Amino acid sequence: MCSYALRFDFVASNNEVEYEAVIAGLQLARKLGAMHILVYSDSQLVVCQILGEYEAREEVMHRYLSKVHQLIAHFESFEIQRIPRS
């Protein structure tokens, strides 16, 4: 297990921050040589977009989703699960 802190120097919506966190985690896992990934997120929108259950309608969300799919391709297995915010 490792801890990682992110600091953003730009204005972002909650959903954009959720995507940034997923992307940062996937990039870190890739650098560490992980091949099997299980992501936990409390963002229903992000999880459902990644799973293909929701459509990414806004251009910025589409770009984030595309980046996540590019990163996922580097792993042998990928799973994402939604967890309660509590």
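All values reported here derive from a predicted model rather than from experimental measurement.

About the criteria used
- Residues numbered from 1 in each chain as written.
- Predicted model: local features only at pLDDT ≥ 70, side-chain atom pairs only at ≥ 80, totals over all residues.
- Heavy atoms only, no water.
- Axes fitted to C-alpha atoms, helices over the stretch in contact; angles between N-to-C directions.
- Helix = DSSP H or I, 4+ residues; strand = E, 2+ residues; numbered from the N terminus.
- Parallel < 35°, antiparallel > 145°, perpendicular 65-115°, else oblique.
- Left-handed = near helix turned anticlockwise from the far one by under 90°.
- Contact = heavy atoms within 4.5 Å.
- Nonpolar A, V, L, I, M, F, W, Y, C, P; charged D, E, K, R; others polar.
- Patch = residues over 30% accessible without salt bridge, like charges linked within 9 Å, V, L, I, M, F, W, Y side chains within 5 Å.
- Areas by Shrake-Rupley, 256 points an atom, 1.4 Å probe, with all protein chains shown as cover.
- Salt bridge = Lys/Arg side-chain N within 4 Å of Asp/Glu carboxyl O.
- Buried < 20%, exposed > 50% of the residue type's maximum accessible area, 1.4 Å probe, protein only.
- Polar contact = N/O pair within 3.5 Å; in protein donor to acceptor, adjacent residues only side chain to side chain.

Caption draft 1: Layout of the packing of helix α2 (residues 44–51) against helix α3 (residues 59–72). Between α2 and α3, the shortest axis-to-axis distance is 10 Å and the interhelical angle comes to 60 degrees. The orientation of α2 relative to α3 falls into the category oblique. When you trace α2 past α3, the crossing you get is right-handed. For the pair α2 and α3, the contacting residues are Leu 45, Gln 49 and Ile 50 in the first and Met 61, Leu 65, Val 68, His 69 and Ile 72 in the second. A per-class count over the contact of α2 with α3 returns six nonpolar, two polar and no charged.

Caption draft 2: View of a nonpolar patch on the surface. A contiguous nonpolar surface patch, about 280 Å² in accessible area, is contributed by Leu 38, Tyr 40 and Ile 83. With respect to the element layout, Ile 83 can be found in the segment after β2 (77–82). Overall, Ile 83 belongs to the partly exposed group, its relative accessible area being 34%.

Caption draft 3: Summary view of the environment of Glu 79. Along the polypeptide, Glu 79 turns up in strand β2. Along the chain, Glu 79 and Leu 38 lie 41 residues apart, while their C-alpha atoms are 4.8 Å from each other. Each residue touching Glu 79, except ones within four places of it in the same chain, is listed here: Ile 37, Leu 38 and Val 39. Of the polar contacts made by the side chain of Glu 79, one reaches the side chain of Gln 81; its length is 2.7 Å.

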